[in-house]
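Topology and contacts: notes
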Amino acid sequence: MNLWVIFLTGLTVGGLTCLAVQGGLLASVISARKDEEVEKGTGRKNAVFPTLAFLITKLIAYTLLGFILGAFGGVIGISQTTQIIMQLVAGLYMIAIALNLLNVHPIFRYAVIQPPKFLTRRVRNQSKSKDLFAPALLGAMTVFIPCGTTLAMEALAISSANAFLGAAIMAAFILGTTPLFFGVGWITSVLGDNFRQRFLKTAAFAVIFLGITSVNGALVAWGFPLAFNSQPKTNEKLYSEAPSSQTVVINVLSNGYSPNYIKVKKDLPVTVKLVGKDAYSCASAFRVPSLGISKNLLPNETYAFVFTPKQAGKIGFTCSMGMYSGVIDVI
Amino acid sequence: MKKIKLQITGMHCTACVMNIDGELEDTAGVNSASTNYAKQTSEVEFNPEDITEDKIIKIIDSLGYSASLVEGKKV
């Protein structure tokens, strides 16, 4: 999964939509604290500390949430089909959220899940607290009032079916949203609401891109022939002919598989040895749909499986999200 | 008590719902406010002796949205 795209989504559309609600709450808790400090004569001049406390606990809370969602996805996504369907749904959901941001049709408003009233009320009450730890607590509580983009990211975290990847997705997104919080109100007050609307629309395309990437990834993982990237490019360096022993070594790297095109002979057992090399991306979640192979490699772990191809043809392998793929060509 | 239903324009996410409901419920005379993002409506229950419909609409307008009355009845 491309964490940079997720970070950028946070920086643009996520930051704005989250800021719309959480910025107001943050401002409110900061001013509540200020009143208290003025009364005690300990008033600080800036709001950096409460803002930092708010953002740090928010990051921790969402990273934990991502971890839980990823693990949850891993547990319920036992079957590969379930996982692919979830990724497909997450992608379509992101596209619906983006179409809502673009105001394409009122029907897309229903894609936005409204948090229950008792939760929003509790969060709002917290924002009025004068307690020293109020900003930090409020930051953590924002997990209960996700905006549309955050929900799309949470769906993506579930579909990653990996606790660490889920945590990374949420952390990248929330980190992306943080810079805007330091300029609460700046964008709207200096640049005006018009700019904000245009910015929001431009940023919606980042979400559409993410959605399409997710849907395409699901199609690749499913082995759909019309998906982009479903056939890896044959590269001289990545080309590997199986030796007579039919033992092939596939290096699992952060940016994919090397080699990603392997030729083997039919009716002879093939040993595929996966060597994890600092692979922290979803490449470590190795899948061969047609053989029912599903292995989540730990960094620097080695795993081998044996199969005997009975007929000539192409056997595709991909990561769980279809971002990286390769082909075993049986001749 | 009186209950009115308002049509709201200018909401772009559920954050706005929270802003509107929170601000209205903090206002004296308003018993409850329940805004629906998808339908872009808000149901407000209030005591007409303490606050008027116009005042409620003005509060929503002051938050950057615009509200208009759809229906109103005594409850």
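Here, the structure is the one placed above.
Predicted model only: the values in this text are computed from it and were never measured.

Cut-offs and rules
- Residues numbered from 1 in each chain as written.
- Chains lettered and ligands numbered in written order.
- Predicted model: local features only at pLDDT ≥ 70, side-chain atom pairs only at ≥ 80, totals over all residues.
- Helix = DSSP H or I, 4+ residues; strand = E, 2+ residues; numbered from the N terminus.
- Buried ≥ 20, exposed ≤ 12 C-beta atoms within 10 Å, placed from the backbone.
- Contact = placed C-beta atoms within 7 Å.
- Axes fitted to C-alpha atoms, helices over the stretch in contact; angles between N-to-C directions.
- Parallel < 35°, antiparallel > 145°, perpendicular 65-115°, else oblique.
- Left-handed = near helix turned anticlockwise from the far one by under 90°.
- Nonpolar A, V, L, I, M, F, W, Y, C, P; charged D, E, K, R; others polar.
- Pairing = 2+ DSSP bridges.
- Expected span 1.5 Å × (residues − 1).

Looking only at helices and strands, chain B has two helices and four strands in total. Going residue by residue from the N terminus, the α and β elements of chain B occur as β-α-β-β-α-β. Buried residues in chain B amount to 36% of all 75 residues. Residue pairs at least 24 apart in sequence account for 62% of intrachain contacts in chain B once pairs closer than 6 positions are excluded.

Residue and element names in this part refer to chain A. Helix α6 (residues 148-160) packs onto helix α2 (residues 48-76) with a crossing angle of 45° between their chain directions and a minimal axis gap of 6 Å. As the angle between them shows, α2 and α6 are arranged oblique. Relative to α6, the crossing made by α2 is right-handed. Of the residues in α6, those touching α2 at G66, L69, G70, F72 and G73 are E154, A157, I158, S159 and S160. Taken together, the residues of the contact of α2 with α6 break down into four nonpolar, five polar and one charged.

Each partner contributes residues to the interface: chain B has ten residues there, and chain A has 14 residues. Classifying every residue of the side of chain B that touches chain A by side-chain character gives seven nonpolar, three polar and no charged.

So, on to the pairing of strand β2 (residues 30-36) of chain B. Residue and element names in this part refer to chain B. Sheet topology places β2 next to strand β3 (residues 41-46); six bridges connect them, and they run antiparallel. The residue bridging V30 from the neighbouring strand is F46, located in β3. Taken together, β2 and the strand that follows it, β3, pair antiparallel across an intervening segment of four residues, in which Q40 is found at a positive phi of about 60°.

All names here are of chain A. Tracing the backbone shows L210 in helix α8 (residues 186-222). Among the residues examined, L210 registers 27 C-beta atoms within 10 Å and is labelled buried. Sequence separation of L210 and I95 is 115 residues, and the distance between their C-alpha atoms is 8.1 Å. Not counting chain neighbours up to four residues away, the residues in contact with L210 comprise V5, T9 and M94.

Residues and elements named next belong to chain B. Taking 1.5 Å of rise per residue, the twelve residues of helix α1 (residues 14-25) would be expected to cover 16 Å, and the 17 Å separating its terminal C-alpha atoms lies within 8% of that figure. Within α1, ten of the twelve residues are buried, which leaves it mostly tucked inside the rest of the structure. Listed in full, the buried residues belonging to α1 are T14, A15, C16, V17, M18, N19, I20, D21, G22 and L24.

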